[in-house]
Amino acid sequence: MDRLFDVSGKVAAITGGGGILCSEMARALAKRGAKVAVLDLSEEQAKAVADEITSQGGTAIAIKTDVLDRKSLENARGIVLENFGKVDILINGAGGNKAEATTSDTFEFFDIPPEAIQWVFNLNLLGTVLATQVFGEQMAKQGEGVIINISSMASIRPLTRTIGYSAAKAAINNFTQWMAVHFNMNYSKNIRVNAIAPGFFLTNQNRFLLTDKDTGEMTPRGKQIIDHTPMGRYGDPEDLIGTLIYLVSDASEFVTGIVVPVDGGFSSYSGV
Ligand code: NAD
């Protein structure tokens, strides 16, 4: 068992690693002996996560990276290789939604500006594709590697209001399967691509939908989510770690092209 789930000595590059969910992944991998590169648009957030890890005896570096800029990704890859010599794991975590691409009682579908939908598609889908091109190229050279895309419950069944986000995450699932096949058929049988579809975790990207910004109380939508989650609670970032370690370690060495929901049963519940 220890060998199956061992990640010690592995090198992980994590985009969006300064954010809530992926910083937890960075900490979890470092705690188990992996060397972690925290890639984030926010240098400050990336540094805070890397500093926390190193202060606790782990190995981590922070690299300011924009997943929408190939040059920035190539620069990050160079720094990772300079420091750690290889890349075993890529986690495509940079992603999110914005209010302008989300309908509400006062903002109709008909009024959503195309730039807002484009913004959400770029960040979630294009950012994942570009980072996979840049780090995947290195994995193809090495002949091995593991890629984890961070999808969402919204990819399996679209959520009301979040039009661009649901569609972009559905595209990530499709890309996960496409890339899994492409790597095996063209570069190596030892490169795997899978996705995790988190259910509802209270974080910066959805706080404006799930809690009232003035009172902090749960919104009707927040209540609806909890009512539709058989386990009756929001996820805690730590809930993702078991699935993550399974997917990045040898425990899943014959598993590629899948999307694992971590959602307290949300996607199984019809509401009746
Ligand atoms: P978060 O906002 O805390 O983290 C996202 C991080 O991505 C931030 O640190 C941000 O600085 C970074 N980022 C934004 N644009 C970037 C860019 N162009 N290049 C590099 N980094 C960039 O959000 P989170 O909730 O931790 O989300 C992490 C992932 O999980 C996202 O893909 C999100 O869509 C997905 N997700 C979240 C939930 C949830 O309930 N929070 C549910 C399902 C899926």
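This text goes with the structure placed above it.
Now for a description of the structure that goes with this document. The structure presented is a predicted model; accordingly, all values stated were derived computationally and were not measured.

### Notes on the overall build of the protein
Then step 1. Counting its regular elements, the protein contains eight helices and seven strands.
Then step 2. Scaling as 2.2 N^0.38, a compact globule of 272 residues should have a C-alpha radius of gyration of about 19 Å, and the protein matches this with 18 Å.
Then step 3. Projecting the C-alpha coordinates of the protein onto the three principal axes gives extents of approximately 50 × 40 × 40 Å.
Then step 4. Burial analysis of the protein (272 residues in total) assigns 50% to the buried set.
Then step 5. A separation of at least 24 residues holds for 71% of the contacts in the protein among residues at least 6 apart in sequence.
Then step 6. For the protein, the exposed surface amounts to about 13,000 Å²; the carbon and sulfur share of it is 52%.
Then step 7. Within the protein, the 30 negative side-chain charges are centred at a point lying 5 Å from the centre of the 24 positive side-chain charges.

### A closer look at the site of the ligand
Then step 1. Around the ligand there are 29 residues in total, and Leu-21, Asp-40, Tyr-165, Phe-201 and Thr-203 lie nearest to it.
Then step 2. Backbone polar atom of Ile-20 to an oxygen atom of the ligand: 2.8 Å apart, as the coordinates give it.
Then step 3. Phe-201 is positioned such that a nitrogen or oxygen atom in its backbone is 2.7 Å from an oxygen atom of the ligand.
Then step 4. Protein chains shield 91% of the accessible area of the ligand, which is 820 Å² for the free molecule.

### Thoughts on the pattern of salt bridges
Then step 1. Inspection of every chain in the model, using the stated rule, returns ten salt bridges.
Then step 2. Between Glu-24 and Arg-27 there is a salt bridge whose closest N-O contact spans 3.4 Å. Remark: Arg-27 and Glu-24 occur in helix 1 (residues 20–31); sequence separation between them is three residues, near one turn of the helix.
Then step 3. For Glu-24, a relative accessible area of 17% gives the class buried.

### Examining the sheet that holds strand 5 (residues 145–150)
Then step 1. As summarised here, the arrangement of the seven strands in space is 3-2-1-4-5-6-7, forming an open sheet in which the pairing is parallel. Sheet topology places strand 3 (59–64) and strand 7 (259–262) at the edges, where each strand pairs with a single neighbour. Taking the axes of each pair of neighbouring strands and ignoring which way they run, one obtains an average angle of 20° across the sheet.
Then step 2. Taken together, the six bridges between strand 2 (residues 35–40) and strand 3 define a ladder with parallel strand orientation. When the bridges of strand 3 are listed, Asp-40 appears paired with Lys-64.

### Some points on the packing of helix 1 against helix 2 (residues 43–55)
Then step 1. Where helix 1 contacts helix 2, the axes come no closer than 10 Å and their chain directions differ by 25°. Here helix 1 lies roughly parallel to helix 2, going by the angle between them. In this structure, helix 1 crosses over helix 2, and the sense of that crossing is right-handed. Along its contact with helix 1, which presents Ser-23, Ala-26, Arg-27 and Ala-30, the element helix 2 presents Val-49, Glu-52 and Ile-53.
Then step 2. Classifying every residue of the contact of helix 1 with helix 2 by side-chain character gives four nonpolar, one polar and two charged.

Parameters and conventions
Residues numbered from 1 in each chain as written. Predicted model: local features only at pLDDT ≥ 70, side-chain atom pairs only at ≥ 80, totals over all residues. Heavy atoms only, no water. Helix = DSSP H or I, 4+ residues; strand = E, 2+ residues; numbered from the N terminus. Rg over C-alpha atoms; globule rule 2.2 N^0.38 Å. Buried < 20%, exposed > 50% of the residue type's maximum accessible area, 1.4 Å probe, protein only. Contact = heavy atoms within 4.5 Å. Areas by Shrake-Rupley, 256 points an atom, 1.4 Å probe, with all protein chains shown as cover. Lys, Arg positive; Asp, Glu negative; His and termini not counted. Charge placed at Lys NZ, Arg CZ, Asp CG, Glu CD. Near = heavy atom within 4 Å. Polar contact = N/O pair within 3.5 Å; in protein donor to acceptor, adjacent residues only side chain to side chain. Salt bridge = Lys/Arg side-chain N within 4 Å of Asp/Glu carboxyl O. Pairing = 2+ DSSP bridges. Axes fitted to C-alpha atoms, helices over the stretch in contact; angles between N-to-C directions. Parallel < 35°, antiparallel > 145°, perpendicular 65-115°, else oblique. Left-handed = near helix turned anticlockwise from the far one by under 90°. Nonpolar A, V, L, I, M, F, W, Y, C, P; charged D, E, K, R; others polar.

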